[in-house]
Amino acid sequence: MENNNSSKLVPYPSNALVTERDLHKPPVLEVNHLGIDFGGLTAVDDFSIIIGRTEIAGLIGPNGAGKTTVFNLLTNVYKPTRGNILLNGYSTSGKTTAQVNRMGIARTFQNIRLFSKMSVIDNVKVGMHMSVKENFLSSLSHGFGYSKAEKIANERALELLDFFSMADLAKAQAGSLPYGAQRRLEIIRALATNPSIVLLDEPAAGMNPSETAELMENIRRIRDTFNIAIMLIEHDMSLVMGICEGICVLNYGKIIAKGSPDEIKKNPTVIEAYLGKKKEAQD
Amino acid sequence: MKNNVLKKLFSKNSITIYIVVAIYAIFSSLLYTDNLSRQLTNMLISVSCYIVLAVSLNLVVGFLGELSLGHACFMSVGLFTGCISSVLMSNVIPSVYIRLPIAMILGGLAAAAVGFVIGLPALRLKGDYLAIVTLACGEIVKNAITNINMTVESADFEFNGAIGLNTNKYGIYIKDVGELLPYAIVLVFVTIIVMMNISKSKAGRCIMAIRDNRIAAESIGINVTYYKLIVFVLAAFFAGMAGVLYGHGNSFAAASKFDYNMSIEILVIVVLGGMGSVRGSIIAAIILRALPEMLREFSDYRMLLYSVLLIVIMILNANPKFADLKGNLSIPKIISRLKNKDKTVKEAK
Ligand SMILES: Nc1ncnc2c1ncn2[C@@H]1O[C@H](COP(=O)(O)OP(=O)(O)OP(=O)(O)O)[C@@H](O)[C@H]1O
Ligand SMILES: [Mg+2]
């Protein structure tokens, strides 16, 4: 059942959902029949999705459904057993995680992965490494355009930090930041790589309602300012229903529903999956 | 603006430079006025070499966070390549003083090439496995050099790896420390400055990112293998240059000396000086190289005392109270304390 779409001009599958304003632009991400097995366990199976150029998409599902695994597949941390991924029309098959990032996918992690011993601003600057015009010689000698490159990098990093009102924390050590700020910094670092889509793995985990509200506002602002797509995994339904335009529900590695927030809320299979999960928890 | 200049003048890195300048100024003025004891004079070159070795290994262990146990082999490769090429060049360039810097660069390049060949497969490994492989590679290189037999008739040169290289016989042994010291000083400064620069550059940020979190580093597009290899090769390059210097400062060089024990010795300096701290590596190199010499009068108990002192230093280093004390003695802290005192005195008046 392989679907070998390697060219850019592929008709969208009839059930694909793209936000209206993105309809006439090629999708940023197109995933066909993606799947992976860990030994005998099929963690993700037949995962197909299309994400519009400036869409905010949600990926939800009970614990262990395979959501993080999908992110790991999209970024080639895991090599897919089946299926293919087209990013901006180009196949990411056989690329390394670093190459996939340069092609346009940036991400955050469920359990924060900052460069904790480095300063906040260095965390952002290291994210911008592809656009900093320093070669190895200028890195060693601090000549050959080093000062200019660093100045530009500093300014851009501060701008990005300022976007999330974190400029005053620039010199602090990343590992010493409070939890919420660390999550924000991880998003900034992802943005610094100049992606066309950002994957956020449970960005609101551990946040209080006011922080979550601020995060929602920020996610919208990111989309509007940078004109990029965002895909997020989240257990906080108010956040997902509040900002996602398309939602995809995963259970036991399979998509059980796709649609707008309203459709998902009413979908009986989704309700059952979540309630069923609750029952299990009570056992 | 003025504040910025001041900040730069008293930054951590500048202070390290001042310390090194001061140390060399004192010792070289004593040396050139014939006031330095023979014992200390003989140590100057070897301590300089160890500073270069420790600072360059710190790039691998401290900045990149990978354990390498074969640093001595790069020194060895550099030493023999550099010294032999210096001998072979003697017909073309008669002066050993001009040949030395060329030999240093050739030795460094040879060591870098070996670093590349070892690093390319080895750096795919992580943690303990990399340590084991570098350890083994170090021994392999040592044995390979021991088994080299070469004769160059045109230069009347003969090298038997099992015996070693008699630098004195081939006229590349620079006996007068005063003549060799300027080369050592330049090498030490170039090494220190390069290491400091790199930590404040794009390459340095990428390297530290790999150290702090490899998976996150990959996720932001950093080519991990590339940067690991660059660090490894650069460290080998400097170790190789130090080797050439070392070879020119000793009348005889045997490959068997550059073994596992020496790699560990360099690693001990790095660990005691502090991971990633250039200044720490320099100070530890001086103290740990000077200690055995200072303890010479205890002859039989020398190595025993040395090990006891090592243990004491390690315990002190791991003690948070000692770290606080060290922190309080740092120059910026002292300055700020003096300023505060000034203020309180004025306020009291
Ligand atoms: N590297 C791996 N090897 C083996 N099994 C794995 C691996 N990674 C994930 N899995 C399994 O795949 C399944 C999906 O895990 P995943 O982390 O994707 O879930 P999730 O939807 O993100 O859950 P949560 O909401 O708890 O984060 C789990 O059963 C997990 O044990
Ligand atoms: Mg998860």
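Everything discussed here concerns the structure shown above.
Residues numbered from 1 in each chain as written. Chains lettered and ligands numbered in written order. Predicted model: local features only at pLDDT ≥ 70, side-chain atom pairs only at ≥ 80, totals over all residues. Heavy atoms only, no water.

A. Broad picture of the interface of chain B and chain A. Across the boundary between the two partners, chain B contributes 25 residues, which contact 29 residues of chain A. Summed over both sides, the interface between chain B and chain A buries roughly 2,400 Å², with carbon and sulfur atoms accounting for 61% of that surface. Among the residues chain B hides against chain A, the three largest losses belong to Lys202(B), Arg205(B) and Ile220(B). Together they make up 29% of the total. The interface formed by chain B and chain A includes one salt bridge. Between Glu150(A) and Arg205(B) there is a salt bridge; the shortest N-O distance is 3.2 Å. Counting across the chain B and chain A interface gives 17 residue pairs in polar contact (both at pLDDT 80 or more). (Contact = heavy atoms within 4.5 Å. Buried area = accessible area lost by both parts, 1.4 Å probe. Salt bridge = Lys/Arg side-chain N within 4 Å of Asp/Glu carboxyl O. Polar contact = N/O pair within 3.5 Å; in protein donor to acceptor, adjacent residues only side chain to side chain.)

B. Here's a closer look at the sheet that holds strand β1 (residues 29–38) of chain A. All names here are of chain A. Spatially, four strands are ordered β2-β1-β4-β5 in an open sheet, and the strand pairing comes out antiparallel. Sheet topology places β2 (41–51) and β5 (90–91) at the edges, where each strand pairs with a single neighbour. Pairing between β1 and strand β4 (residues 82–87): five bridges, direction antiparallel. By the bridge assignment for β4, Glu30 is matched with Leu86. Sitting on the sheet, helix α1 (residues 67–74) is in contact with β1, β2 and β4, with an inclination near 115° to β1. (Pairing = 2+ DSSP bridges. Helix = DSSP H or I, 4+ residues; strand = E, 2+ residues; numbered from the N terminus. Axes fitted to C-alpha atoms, helices over the stretch in contact; angles between N-to-C directions.)

C. Examining the coordination of the magnesium ion (ligand 2) more closely. Residue and element names in this part refer to chain A. Of the protein atoms, only Thr68 (OG1) and Gln110 (OE1) coordinate the magnesium ion (ligand 2), at distances of 1.9 to 2.1 Å. Of this pair, Thr68 sits in helix α1 while Gln110 sits in the loop between β6 (105–107) and α3 (120–127); the two residues are 42 residues apart in sequence, bridging distant segments of the chain. Judged by its relative accessible area of 25%, Thr68 is partly exposed. (Donors = N, O, S within 2.8 Å, 3.2 Å for Na, K, Ca; no water. Buried < 20%, exposed > 50% of the residue type's maximum accessible area, 1.4 Å probe, protein only.)

D. Seen up close, the pattern of salt bridges. Tallying each qualifying case throughout the model produces 15 salt bridges over all chains. Put simply, Asp45(A) and Lys254(A) hold a salt bridge, and the shortest N to O gap is 3.5 Å. One end of the pair, Asp45(A), is in strand β2; the other, Lys254(A), is in strand β10 (residues 254–259), with 209 residues separating them in the sequence. Overall, Lys254(A) belongs to the partly exposed group, its relative accessible area being 44%. Two residues, Glu265(B) and Arg289(B), come together in a salt bridge whose shortest N-O distance is 2.5 Å. Here Arg289(B) lies in helix α12 (residues 278–294) and Glu265(B) lies in helix α11 (residues 260–273), a separation of 24 residues in the sequence. Among the residues examined, Arg289(B) registers a relative accessible area of 18% and is labelled buried. Connected via shared salt-bridge partners are Asp37(A), Asp45(A), Arg82(A) and Lys254(A).

E. How the structure looks around the sheet that holds strand β7 (residues 197–201) of chain A. Residues and elements named next belong to chain A. Strand order across the open sheet formed by six strands is β6-β7-β8-β3-β9-β10, with mixed pairing between neighbours. Each edge of the open sheet is held by one strand with a lone partner, namely β6 and β10. Taken pair by pair, the neighbouring strands of this sheet meet at an average axis angle of 20°, ignoring direction. Relative to β7, β6 runs parallel, the two being bridged by three bridges. By the bridge assignment for β7, Ile105 is matched with Ile197.

F. Inspection of the site of ligand 1 at higher detail. Residues and elements named next belong to chain A. For ligand 1, the set of nearby residues contains 14 residues, the closest of which are Gly64, Lys67, Thr68, Thr69 and Gln110. Within the side chain of Thr69, an N or O atom sits 2.5 Å from an oxygen atom of ligand 1. A distance of 3.0 Å separates an oxygen atom of ligand 1 from a polar side-chain atom of His235. If ligand 1 stood free it would expose 630 Å²; the protein chains cover 64% of that surface. Going through the elements one at a time, β2 and α1 are the ones with two or more residues in the shell around ligand 1. Top element by residues in the shell around ligand 1 is α1. It accounts for three residues. (Near = heavy atom within 4 Å. Areas by Shrake-Rupley, 256 points an atom, 1.4 Å probe, with all protein chains shown as cover.)

G. View of the pairing of strand β2 (residues 157–160) of chain B. All names here are of chain B. Judged by which residues are buried, β2 turns out to be one-sided: Phe157 and Phe159 face inward and are buried, whereas Glu158 and Asn160, on the alternate face, are not. Taken together, the four bridges between strand β1 (residues 149–152) and β2 define a ladder with antiparallel strand orientation. Bridge pairing in β2 links Asn149 to Asn160. The loop that links β1 with its antiparallel partner β2 comprises four residues; one of these, Asp156, has a positive phi angle of about 55°.

H. Representation of the side chain of Ser138(A) in the model. Relative to the elements of secondary structure, Ser138(A) occurs in helix α4 (residues 136–141). Among residues more than four places away in sequence, those in contact with Ser138(A) are Gly143(A), Phe144(A) and Tyr146(A).

I. Here's a closer look at the packing of aromatic side chains. For the coordinates displayed, the defined rule picks out 10 aromatic pairs over all chains. Ring geometry for Phe74(B) and Phe232(B): centres 5.8 Å apart, planes at 85°, overall edge-to-face. With Phe74(B) in helix α4 (residues 71–88) and Phe232(B) in helix α10 (residues 224–249), this residue pair connects regions lying 158 residues apart in the sequence. The same class applies to Phe74(B) as to Phe232(B), namely buried. When the centroid spacing of 5.6 Å and the interplanar angle of 75° are considered together, the rings of Phe237(B) and Phe238(B) count as edge-to-face. For Phe238(B), a relative accessible area of 3% translates into the label buried. Linked through ring pairs, Phe163(A), Phe164(A) and Phe226(A) together constitute an aromatic cluster. Over the ring of Tyr50(B) we find Arg289(B); its NZ or CZ atom is 4.0 Å from the centre of that ring. (Phe/Tyr/Trp six-rings, centres within 6.5 Å; stacked < 30°, edge-to-face > 60°. Lys NZ or Arg CZ within 6 Å of the ring centre and 35° of its normal.)

J. Molecular detail of unusual backbone geometry. Residues and elements named next belong to chain A. Here the phi dihedral of His142 falls at roughly 60°; this positive angle occurs in a residue that is not glycine. Mapped onto the secondary structure, His142 falls in the loop between α4 and α5 (146–163). On the basis of relative accessible area, His142 is assigned to the partly exposed category, the value being 23%. In this structure, Asn194 takes a positive phi of about 65° despite not being glycine. If you trace the backbone, Asn194 turns up in the loop between α6 (179–192) and β7.

Geometric descriptors of this kind do not, in isolation, establish any biological role.
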